[in-house]
Amino acid sequence: MENLKRRKKVSISQIIIHLIFILACIFCILPILLVLSISLTDESVIYQNGYHLIPEAFSLDAYKYILSGSSPVLNSYLVTAIVTIVGTVVHLYLTSMLSYGLSRKEVKYSRALSFYVFFCLLFSGGMLPWYILLTKYLHLKDTIFVLIAPYLVSSVNVLIMKNFFKGIPNSIVEAARIDGSSEYNTFFKIVMPISKPVFATIGLFVAVFYWNDWMTCSLFINNTKLYSLQFLLQSIMDNIAYLQGNPMLEKIGTKLPDETARMATCILAILPIAVAYPFIQKNFEKGLTVGAVKE
Amino acid sequence: MVNLAKRNVQKEKKTSSNHGFIKEISKNRAFYIMMLPGLLFIFVMYYLPMFGVVIAFKDYNPSQGIIKSKWVGLKNFEFFFKSQSAATVTFNTLFYNVIFIVVGLGLAVLVAVMLNEIRNKFFASMYKSILLFPYLISWVVAGYLLFSLLSVDRGVINRLIQHFGHEPIQWYMEPSYWRYIIPVSYMWKNVGYLSVVFFAAITGISSDYYEAAEMDGASGFQKTVKITIPLIMPIVITMFLLQAGKIFYAGLGDWGLFYNLPRDSGILYSTTDVIDTYIFRSLKQLNDPGMTAAIGLYQSLVGFVLVVFTNWLVKKYDPDSALY
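Note that the structure is a prediction, hence the values are computed from the model and not measured. (Residues numbered from 1 in each chain as written. Chains lettered and ligands numbered in written order. Predicted model: local features only at pLDDT ≥ 70, side-chain atom pairs only at ≥ 80, totals over all residues.)

A closer look at the overall build of chain B
Part 1 of the argument: Within chain B, the regular secondary structure consists of 16 helices and two strands.
Part 2 of the argument: A compact globule built from 324 residues should have a C-alpha radius of gyration of about 20 Å, whereas chain B, at 27 Å, is more than 25% larger.
Part 3 of the argument: By principal-axis analysis of the C-alpha atoms, chain B measures approximately 105 × 70 × 35 Å.
Part 4 of the argument: Among the 324 residues that make up chain B, the fraction classed as buried is 40%.
Part 5 of the argument: Look at the contacts in chain B between residues 6 or more apart in sequence, and 67% of them connect residues 24 or more apart. (Helix = DSSP H or I, 4+ residues; strand = E, 2+ residues; numbered from the N terminus. Rg over C-alpha atoms; globule rule 2.2 N^0.38 Å. Buried ≥ 20, exposed ≤ 12 C-beta atoms within 10 Å, placed from the backbone. Contact = placed C-beta atoms within 7 Å.)

Considering helix α15 (residues 275-285) of chain B
Residues spaced three or four apart along an α-helix point in a common direction, a consequence of the helix completing one turn every 3.6 residues.
Part 1 of the argument: With eight of 11 residues buried, α15(B) lies mostly within the body of the structure.
Part 2 of the argument: Taken residue by residue, α15(B) has B:Ile275, B:Asp276, B:Thr277, B:Tyr278, B:Ile279, B:Phe280, B:Ser282 and B:Leu283 as its buried positions.
Part 3 of the argument: Where the residues of α15(B) are buried, they touch α6 (127-137) and α12 (215-220) of chain A together with α6 (84-117), α13 (256-260) and α16 (289-317) of chain B.

A word on the packing of helix α5 (residues 75-82) of chain B against α16(B)
Residue and element names in this part refer to chain B.
Part 1 of the argument: Two elements in contact, α5 and α16, have axes whose closest approach is 8 Å; the angle formed by their N-to-C orientations is 75°. Classified by the angle their axes make, α5 and α16 are roughly perpendicular. Where α5 approaches α16, its residues Asn76, Phe77, Phe79 and Phe80 are matched on the opposing element by Gly290, Met291, Ala294 and Ile295.
Part 2 of the argument: Tallied by class, the residues present in the contact of α5 with α16 amount to six nonpolar, two polar and no charged. (Axes fitted to C-alpha atoms, helices over the stretch in contact; angles between N-to-C directions. Parallel < 35°, antiparallel > 145°, perpendicular 65-115°, else oblique. Nonpolar A, V, L, I, M, F, W, Y, C, P; charged D, E, K, R; others polar.)

Observations concerning the interface of chain A and chain B
Part 1 of the argument: On the chain B side, the residues contacting the 74 residues of chain A number 73 residues.
Part 2 of the argument: Elements represented by at least two residues in the side of chain A that touches chain B include exactly α1 (2-39), α4 (73-103), α5 (110-122), α6, α10 (183-194), α11 (196-212), α13 (229-235) and α15 (259-291) of chain A.
Part 3 of the argument: Of all the elements, α1(A) adds the most residues to the side of chain A that touches chain B, at 15 residues.
Part 4 of the argument: Grouping the amino acids of the side of chain A that touches chain B by side-chain chemistry returns 53 nonpolar, 14 polar and seven charged.

Re the domain arrangement of chain B
Residue and element names in this part refer to chain B.
Part 1 of the argument: One can read the domain layout of chain B as domain 1 (2-71) and domain 2 (77-321).
Part 2 of the argument: For domain 1 and domain 2, the distance between their C-alpha centres works out to 39 Å.
Part 3 of the argument: The interface of domain 1 with domain 2 comprises six residues on the first partner and five residues on the second. (Domains from an automatic or database assignment.)

Looking at the nonpolar core
Part 1 of the argument: Core analysis: the largest hydrophobic core is formed by 156 residues, its most contacted members being A:Val35, A:Cys266, B:Val141, B:Val197 and B:Phe198.
Part 2 of the argument: Counting residues per element, this core draws most heavily on helix α10 (residues 178-203) of chain B, which supplies 16 residues.
Part 3 of the argument: Looking at which domains feed residues into this core, each of domain 1 (2-71) and domain 2 (77-321) of chain B supplies at least three.
Part 4 of the argument: Not counting residues up to four positions away in its chain, the partners in contact with B:Phe198 are B:Ala108, B:Val109, B:Ala112, B:Ile232, B:Ile235 and B:Val236. (Core = buried A, V, L, I, M, F, W, Y, C linked by C-beta atoms within 7 Å.)

Looking at unusual backbone geometry
Part 1 of the argument: Here A:Asp142, not a glycine, exhibits a phi torsion of approximately 60°, which is positive.
Part 2 of the argument: Here A:Asp142 is to be found in the loop between α6 and α7 (145-148).
Part 3 of the argument: Using a count of 13 C-beta atoms within 10 Å as the deciding quantity, one classes A:Asp142 as partly exposed.
Part 4 of the argument: Within the chain, B:Asp264 stands out as a residue other than glycine whose phi angle is a positive 50°.
Part 5 of the argument: For B:Asp264, the location among the structural elements is in the loop between α13 and α14 (269-272).

Okay, structure coming up:
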């Protein structure tokens with residue numbers, strides 16, 4: 001009897017918890033579904049009836065228009081994809097080698113160098129000197145490099161990786177050394193493969209950062225051919241800016257998808273993350289705790 | 001012969017004391033070469049701009065360069081602090097970040113604890129996946145999502161309001177609404193991420209603690225308060241420190257929501273403008289580099305003090321959880 005009562009009580013609290021989570025999930029996902037629905041609705045219906053969660057008149061015109069190549073979206077997609085891939089690979093390469101060196105006990109200056117890296121987290125020169133450095137001295141304005149170069153090493157990631165490498169048993173490295181393996185070989189052939197979780201997590205964080213970055217493009221890029229996807233999205237919030245970025249300016253009179261095309265661009269910007277999500281999520285979660293270890 | 005050996009030893013000693021640096025470098029050559037690109041990068045991207053803070057004390061003229069521009073003392077700071085914006089952006093920056101940190105971490109701990117209570121593993125992992133997803137979405141896209149809800153003529157919320165016979169609300173015209181919209185949006189994006197971090201910490205707690213507590217007759221609530229929360233506290237504190245450090249962290253903190261959600265609308269500045277958006281706008285216009293640099297330096301200094309202070313505070317109560 002007692003047991004039965006307890007089970008019933010427990011199941012009620014379970015139901016409440018499930019309800020809370022279902023509401024929270026709706027809260028998280030509903031706005032995305034709404035935008036998806038708008039992107040799949042016929043443009044003229046939007047003008048009459050506004051946004052709806054379920055398309056009132058289904059239409060793929062917005063996607064057809066974007067994929068036909070007459071909008072700047074495809075070009076921005078390419079720019080962003082290049083920036084994300086190159087940026088992530090080089091970031092992982094530079095950051096992991098720096099972190100590995102800092103993690104080795106036999107490196108006498110590792111403590112001082114760690115502080116040299118860590119200090120950047122405490123103090124920075126601010127955005128203006130950084131802006132002047134990139135434009136006036138490194139001459140990166142209006143080049144694709146400016147979207148990649150500023151973020152190739154980050155102090156936080158160096159410290160996270162360093163902590164991870166410190167957890168690798170020294171005996172493994174020693175054994176490789178005795179077998180005549182060079183330090184590079186040890187790093188690339190032995191340390192890297194066993195450090196997959198940290199590479200995966202930091203790689204994901206960096207890739208998402210590059211993919212979602214709009215600020216750099218907004219500051220340094222005037223050439224519309226080099227617009228990143230996020231910045232394009234930001235600049236097409238206003239109708240007019242969109243048309244300026246669009247060579248088909250004379251087509252204003254005809255009914256081009258506009259509102260729906262913008263929402264479709266949004267969906268396309270989320271798409272790669274959504275497609276990769278089920279695969280990356282497991283690693284992402286596993287690595288999140290790695291990200292929370294302290295200096 | 002002996003003499004020669006002696007001399008060699010002496011020579012060796014001398015080199016090791018005088019050239020310890022060179023010896024160390026050559027001994028661990030491989031490691032230093034590995035580190036070199038990263039160290040150089042940090043020097044160029046992080047340390048060189050630090051020298052640029054002198055611009056804050058100059059009347060910077062791009063054609064003259066940094067060195068030749070005239071010194072003006074604290075005039076740039078004076079100009080900023082006498083403006084109405086200084087108080088507004090400082091207040092907003094602190095106001096929102098305190099809410100983000102306190103409410104965000106609190107909610108995340110709550111969600112993590114509740115996730116742990118769910119028996120059905122399938123549902124638990126499904127909820128987790130959905131809650132984490134907004135974390136990967138950019139603030140630009142989030143701006144669109146918000147607009148589809150709040151747009152005056154087409155937004156879903158206004159249509160609902162009209163459906164019930166009320167006047168539509170001009171969300172993008174009235175600053176006071178944004179005191180709620182911004183924190184809610186922040187929670188939408190970040191609570192899932194934080195709770196997944198905390199949940200991972202909870203699953204790492206040994207079940208021995210709970211079994212022992214059960215034997216002593218502890219209730220579920222007691223177990224949560226007495227075991228789960230104290231044991232995940234270190235990681236909560238670490239997240240707290242990391243977030244506190246970001247409040248005034250020039251440029252690279254998470255300030256996109258202040259710019260993208262209100263669509264950089266001037267009418268809303270009184271409740272949406274923060275230091276980062278202010279600097280960003282003046283950087284884009286580039287009409288007064290000296291003042292922009294001064295605000296940047298102000299931000300960096302406050303950030304520095306804030307991090308050192310919070311870390312000191314944490315160190316006082318829980319030395320193991322401090323960042324350094």
